[in-house]
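An overview of the molecular structure
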Amino acid sequence: SQLMFSCSRLCLSDNFVPTLVCSDGFRAFLQRHCPVVAERFSPTPWCWGGRMQTLVRVLLKTNPAVTYRNELIQTGDGGQLSLDWFDNTDSARYPQCSSRPTVLILPGLTGNSQQTYVLHAVQQASRHGYRCVVMNNRGFGGEELLTPLTFCAANTSDVETVVNHVKGLFPQAPLLGAGVSLGGMLLLNYLAHKGRDAKIIAALTMSVSWDSFESSASLEQPINKLLFNRHLTSNLCRAVKRHRKILENAIDVDYVLKARTIREFDERFTSVLFGYKSCSDYYRDASPGYKLPRTSVPVLCLNAADDPFSPEHAFPVTAAQRLPNVALLVTSHGGHIGFLEGPFPSGAGYMDRLFGQFVWAAFEHSADLRAACGVGGETAE
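What comes next concerns the included structure. Note that this is a predicted model, so its numbers are computed, not measured.

Calculation notes
- Residues numbered from 1 in each chain as written.
- Predicted model: local features only at pLDDT ≥ 70, side-chain atom pairs only at ≥ 80, totals over all residues.
- Heavy atoms only, no water.
- Helix = DSSP H or I, 4+ residues; strand = E, 2+ residues; numbered from the N terminus.
- Rg over C-alpha atoms; globule rule 2.2 N^0.38 Å.
- Buried < 20%, exposed > 50% of the residue type's maximum accessible area, 1.4 Å probe, protein only.
- Contact = heavy atoms within 4.5 Å.
- Areas by Shrake-Rupley, 256 points an atom, 1.4 Å probe, with all protein chains shown as cover.
- Lys, Arg positive; Asp, Glu negative; His and termini not counted.
- Charge placed at Lys NZ, Arg CZ, Asp CG, Glu CD.
- Core = buried A, V, L, I, M, F, W, Y, C linked by side-chain atoms within 4.5 Å.
- Right-handed = clockwise from strand over helix to strand, strands pointing away.
- Pairing = 2+ DSSP bridges.
- 1 Å grid on protein atoms, 1.4 Å probe; cavity = no way out; pocket = protein on both sides within 12 Å on 5 of 7 lines; lining within 4 Å.
- Points joined across faces, edges and corners; volume = space filled by probe spheres on them.
- Salt bridge = Lys/Arg side-chain N within 4 Å of Asp/Glu carboxyl O.

Turning to the overall build of the chain, a few remarks are in order. Regarding its fold elements, the chain presents 15 helices and nine strands. Computed over the C-alpha atoms, the radius of gyration of the chain is 19 Å, within 12% of the 21 Å expected from 2.2 N^0.38 for a compact globule of 381 residues. When each of the 381 residues of the chain is scored for burial, the buried share is 60%. The long-range share in the chain, meaning contacts at least 24 apart out of those at least 6 apart in sequence, stands at 77%. Here the chain has roughly 14,900 Å² of accessible surface; of this, 52% comes from carbon and sulfur atoms. Of the side chains in the chain, 35 bear a positive and 33 a negative charge, and the two mean positions are spaced by 2 Å.

Here we come to the nonpolar core. Ranked by size, the top nonpolar core spans 71 residues in total, and within it L191 and L328 carry the most contacts. Ranked by residue count, the leading element in this core is helix α6 (residues 182-194), at seven residues. In this view, L191 contacts A198, I200, A203, R294, T295, V297 and V299; residues no more than four positions away in its chain are not counted. The next biggest cluster of nonpolar side chains, apart from the first, holds 51 residues, and it includes L30, Y68, Y117 and I337.

Another aspect to go through is the pairing of strand β7 (residues 202-206). β7 sits mainly inside the fold: five of its five residues count as buried. Residues of β7 alternate between two faces, with A202, L204 and M206 on one and A203 and T205 on the opposite face, all of them buried. Tracing the backbone out of strand β6 (residues 175-180), into α6 and back to the parallel element β7 gives a crossover that is right-handed. As defined by bridge partners, β7 adjoins strand β8 (residues 299-304) across four bridges and the pair is classed as parallel. Counterpart to T205 in the pairing with β8 is C301.

We now examine empty space enclosed by the protein. Gaps left between atoms are located by rolling a probe of water-molecule size over the structure's atoms. Scanning all chains against the criterion turns up four cavities of 30 Å³ or more. Approximately 70 Å³ is the volume attributed to the largest cavity. What lines the largest cavity is M135, R138, L149, T150, F151, C152, N155, S157, D158, L186 and F274.

This part is about unusual backbone geometry. Its identity as a non-glycine residue notwithstanding, S181 has a phi of 55°, on the positive side. Here S181 shows up in the loop between β6 and α6. Residue K199 is not a glycine yet carries a positive backbone phi of 65°.

A few words on the pattern of salt bridges. Applying the stated rule across the entire model yields 14 salt bridges. Between E220 and R263 there is a salt bridge, with its nearest N and O atoms 2.9 Å apart. Of the two residues, E220 sits in the loop between α7 (212-219) and α8 (222-242) while R263 sits in helix α11 (residues 262-273), which places them 43 residues apart along the sequence. For E220, a relative accessible area of 28% translates into the label partly exposed. The exposure class assigned to R263 is partly exposed, which follows from its relative accessible area of 26%.

Written out as structure tokens, the structure reads:
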């Protein structure tokens, strides 16, 4: 707790330069190859607070033109996953499809490949000649549910299916994982579950909720409940309604649709569907913060201290200080997936620039990154 508050003061006082908590080796690598970590982040002057940053991003951010190739793949339980590929066949730097570096992007709770933050990430990666594949959460990629199972932050089987599929198609191409919000939770839980067998060379997370209990409590504060919680719950209920026919075999749909908060939804739907005895058991399993010691690949985690979805007192500061492979980058402002800067924040922002620099650094200087983080090369296999 004390560590977190001291981190917060550094963020606020040090000329708007984000606070970077990590080992000396990881710090040196990032400062050399990903200089945005040491740059000032000055939030849009008229959009200062975390709630404003969170809301305005949805309204103002542009949608870069991205043309995907869709692929449906089968899962072990008889379901299907919708993948959206940006193949980047015109890549001058990596003309060989077999060895073109690939970024796997995991969107947020009700997100898919069409979210502005996903499109900006694809644009950033494409400029470096990389390929991207977006894993749409079950039920949110336009595909039909074939089994009464959706997704949750704790169940990493779909991520594992996609990673194995991508590495099966392109065994020589290095793979990096990038997750936003719930997608970041999924990615971290996958990395903790697989350890040295993750088949990913590095990972980047943005606006992760580190502790599901704390995030739920924050989102149930009156103003956050009004601005965010009800809207997200409504989107989740809409998806349940769309897939009602298959889901009513496993849950009481009418009861689920009466949920007014994410916690109520998780109590009535997520925890039931995934076999948890209680919502508390699910939240404990979903929280990635305490699992970081089990990860084996270099991970850079971006969070804003004023994120209404992810309270700063739950940030894993102590873990980032002690683990050689984890870097926590904290901005004093930025909200949830916001990070808007400049007077007209419609284009690429701080988060997008960080994404572009880090994926380039991880792919182009992978040996240096492994050495800086004390990670062996076998994690990429």
